[in-house]
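Architecture and fold: a report
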Amino acid sequence: MNKLILNSSKKLLGSSLKTNVLKPRTALLSTNVPQSPPDNRVEVFVDDKPVLVEPGVTVLQACAEAGVEIPRFCYHERLAIAGNCRMCLVEIERTPKPVASCAMPIMKGMRIKTDSPATKKAREGVMEFLLVNHPLDCPVCDQGGECDLQDQAMAFGSDRSRFTDILFSGKRAVEDKNLGPLVKTSMNRCIHCTRCVRFASEVAGVDDLGTTGRGGEMQIGTYVEKLLATEVSGNVIDLCPVGALTSKPYAFTARPWELRKISSIDVLDAIGSNIVVQHRAGDVMRVLPRLNEDINEEWLDDKARFSYDGLRRQRLVTPMVRGHDGLLKPCEWEDAFYAVADKLSQVNGSQMAALAGNLTDAESLVVLKDLMNKLGSENLFVEESFPTQGSSTDLRTNYISNTSINSIEQADLVLLIGTNPRYEAPMYNTRIRKSLVHNELKVALLGSKVNLSYEYDYLGDSAQVLEELLNGKHEYNKLLAQAKRPLIVLGSSALQRQDADSLLNLATRLSEKLRIQNGCPSNWKVFNVLHRWASQVAALDIGYKSGVEQIKAQKPKVLYLMGADEDLISRSELGEETFIIYQGHHGDRGAEIADVVLPGAAYTEKTGTYVNTEGRAQQASYVVAPPGKAKEDWQILRALSDILGNPLPYDDLDSLRKRMTEVSPTLTSYDRIEPASFMSLSVQLSQKHKTALSKEPIRAIQTELSDFYMTNAISRASLTMARCVQAYKKNNEPEKQTQVNANL
């Protein structure tokens, strides 16, 4: 009887638990309360201070999380771990000797001592060995004042030296290497950290630097004397912790404490790399990279870094008017303005045209457009062509890189069409290489077969391949179909062809097809245009038309060249009756054909807005004053509008920026990317037009390193860039001669 009662009570208790406990618990679990991810961090102790860090990080990184700075020479967060300088030694409990913190992964409960007597003694010993063979060059070394060895010897070294040259053999001496006109070597100072070797191999993709010998006979160099042939060679100067690698153009010109530093951006390509411009007494002395993880990380290409000497050469310093003898003669601003106003007042708007160059800031583009519109003209053009069929420049998604530069690291396949990003946009190329090395990115190229510094699948140079890819008839479609985050990058150089409309049409349709069929994330953009010029995106945003063909056909009576120096239009194509006004900062190709020259300001001499290829507006800063009588470009146009009797409604930069916001809000959304999401509409409009592809092969404009250095008015005026071109040609002469002999 008792057993029966016990069983029945268990049943009642079970039923009550199901009804009263399990149901509410099930209801609680079914709610949409977000569950926090499990905390996998590991606890370690740095100087007895507990720190939670991600598993797999190194001891050095764990110390950084705790706010403790560990000295190092060979370690760099963007390079592979070498562990050969031993300056980062720390003491860890229950280890027999100090450990190299840069190469030691953390373990749970690890107790790290960064300030113990054993750690201090180890660091002093390493520093003592480093200084045994290091020359006392500090008073004459260009690295003085910003040298890691100086700083760490002061902070972590001993206060006395035990070095005695008992054999009177002197310190280790190494012959200097000739790496070209940009990097100066003093190899006696080298401490064998191998940062330069790892950068060249991993980031630049050029295995020219390496080590030879062992022990005291070890040297870093190119083995056979040759040019360090890469477009990002100047970064080894920043990486070198001592004065072994320094800037050859900057040698013995200034000390770091003499220079003022202004943050700005580079405008010599369409990437908009962040830079620091250092100046003294009105002269730009040096250009260095500025950290920006979204664009250039901490690297900078050689043209942006070393062409600053072009800002001092071949400059226009005074207004000039062409006289009756056919020569340009200096004059005052009033005389130049009245000469321009006299011609503009004699023609109507339909007989005027304006052409903007590749270094023009957005402020000047807006003011020039407003002035020409007030004079009744809509004929405003940029030098580089862009297709006109379909939605063309009406939709922003057609002419920008819709995927941000740092999102390249998330891509799993990149198809490059008609571009050589290594020389057209070096910082874009380093991102592709980084993703290829670390994330196993696949890259394919349709166009000129060039050296991109990494391996890729070559699809040929026929435009018909793009049509085959769209129709699914190409063998590469198998790989395209597997990509979950593909990118199609269409180079602006490919859009200078006769069949540019068809290329853009096919590329946009292929991009949209991949996005839909491959199940890409909703926020993933496949189609991208890689521009070469800094002013192109802003000009198209403002409403400029593309190309110079319409100007050649129109033959206007007055042509206003705003920094247009690419020699895409000549006096013979316009006729002798055309009155040409040139406004710019260098006496380059545009000034040669002008009847009136108005001297403007370069990008370091004004506060200007530039929009890069991904549609990000950035601001270049005023660093030094323009030379001579030169003025800021928008101010010249504003003054000219007064002379013409049509004053523009802004007198300062703030009111001009408000006008820019009215024209296009993206121009003043600084350091932000405004998403463009009309690709499906663009594809619908493009499908109404038939494609007619040319049989001409798709070619990149810049195929060799010598094509990279001199691409605009500033770099063409640079003596350093001219030396680079000369050094590259000299370096390649034996190779070309070998190829000729082999062919014979």
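Residues numbered from 1 in each chain as written. Predicted model: local features only at pLDDT ≥ 70, side-chain atom pairs only at ≥ 80, totals over all residues. Heavy atoms only, no water.

**Focus: the environment of Met 107**
Along the chain, the position of Met 107 falls in the loop between strand E4 (99-100) and strand E5 (111-113). For Met 107 and Thr 666, which are 559 residues apart along the polypeptide, the C-alpha to C-alpha distance reads 48 Å. Apart from residues lying up to four places away in sequence, Met 107 is in contact with Val 42, Glu 43 and Val 44. (Helix = DSSP H or I, 4+ residues; strand = E, 2+ residues; numbered from the N terminus. Contact = heavy atoms within 4.5 Å.)

**A look at helix H14 (residues 500-517)**
For H14, which comprises 18 residues, the first-to-last C-alpha distance of 26 Å matches the rise-based estimate of 26 Å (1.5 Å per residue) to within 8%. On its buried side, H14 packs onto strand E17 (413-417), helix H12 (464-471), helix H13 (477-482), strand E20 (486-491), strand E21 (527-530) and helix H21 (679-686). Of the residues one or two after H14, Gly 519 is the one with positive phi, at around 65 degrees. (Expected span 1.5 Å × (residues − 1).)

**Describing the pairing of E20**
Burial runs high along E20: six of the six residues are buried. In E20, alternate side chains face the same way, and those of Pro 486, Ile 488 and Leu 490 on one face and Leu 487, Val 489 and Gly 491 on the other are all buried. Relative to E21, E20 is paired through four bridges, and the arrangement is parallel. In the sheet register, Val 489 faces E21, and the bridge partner there is Asn 528. Since E20 and E21 lie parallel, the crossover through H14 that links them has a hand, and here it is right-handed. (Buried < 20%, exposed > 50% of the residue type's maximum accessible area, 1.4 Å probe, protein only. Pairing = 2+ DSSP bridges. Right-handed = clockwise from strand over helix to strand, strands pointing away.)

**Considerations on the sheet that holds strand E15 (residues 352-356)**
The mixed open sheet is built from eight strands, whose spatial order is E14-E13-E25-E24-E23-E15-E16-E22. Strand pairing shows two members of the sheet lacking a second neighbour, strand E14 (328-330) and strand E22 (545-546), which therefore form its edges. Sheet analysis places strand E24 (residues 579-584) next to strand E25 (residues 596-599), joined by four bridges and oriented parallel. Along E25, the bridge assignment pairs Gln 583 with Leu 598. Relative to E25, helix H8 (residues 333-344) is tilted by about 130 degrees, and along the sheet it contacts strand E13 (320-322), E15, strand E23 (558-562), E24 and E25. Here helix H9 (residues 362-374) sits on the sheet and contacts E15, strand E16 (380-382) and E23; the angle it forms with E15, its principal contact strand, is near 175 degrees. (Axes fitted to C-alpha atoms, helices over the stretch in contact; angles between N-to-C directions.)

**Here we look at the packing of aromatic side chains**
Inspection of every chain in the model, using the stated rule, returns five aromatic pairs. Summarising the aromatic geometry, the rings of Phe 386 and Tyr 399 are spaced 6.3 Å apart at their centres and angled 85 degrees between planes, so their arrangement reads as edge-to-face. Placement of the pair is Phe 386 in the loop between E16 and E17 and Tyr 399 in the loop between E16 and E17, with a sequence separation of 13 residues. Take Phe 386 and Tyr 399: they sit in the same class, and that class is buried. By way of ring pairs, the aromatic residues Tyr 423, Phe 708 and Tyr 709 are connected into one cluster. One residue, Arg 111, lies across the ring of Phe 45, its end atom 4.1 Å from the ring centre. (Phe/Tyr/Trp six-rings, centres within 6.5 Å; stacked < 30°, edge-to-face > 60°. Lys NZ or Arg CZ within 6 Å of the ring centre and 35° of its normal.)

**Some words on the sheet that holds E20**
Strand order in the open sheet formed by five strands is E19-E18-E17-E20-E21, with parallel pairing between adjacent strands. With partners counted over all chains shown, the strands left at the sheet margins are strand E19 (457-458) and E21, one partner each. When E17 meets E20, the two strands line up parallel, connected through five bridges. Residue pairing in the sheet places Leu 416 in a bridge with Val 489 of E20.

**Brief notes about the side chain of Asn 420**
You can see Asn 420 is positioned in the loop between E17 and helix H10 (421-424). Polar contacts involving the side chain of Asn 420 include one to the main-chain carbonyl oxygen of Gln 702, which spans 2.9 Å. When residues no more than four places from it in sequence are discounted, the contact partners of Asn 420 are Val 450, Leu 452, Ala 700, Gln 702 and Thr 703. (Polar contact = N/O pair within 3.5 Å; in protein donor to acceptor, adjacent residues only side chain to side chain.)

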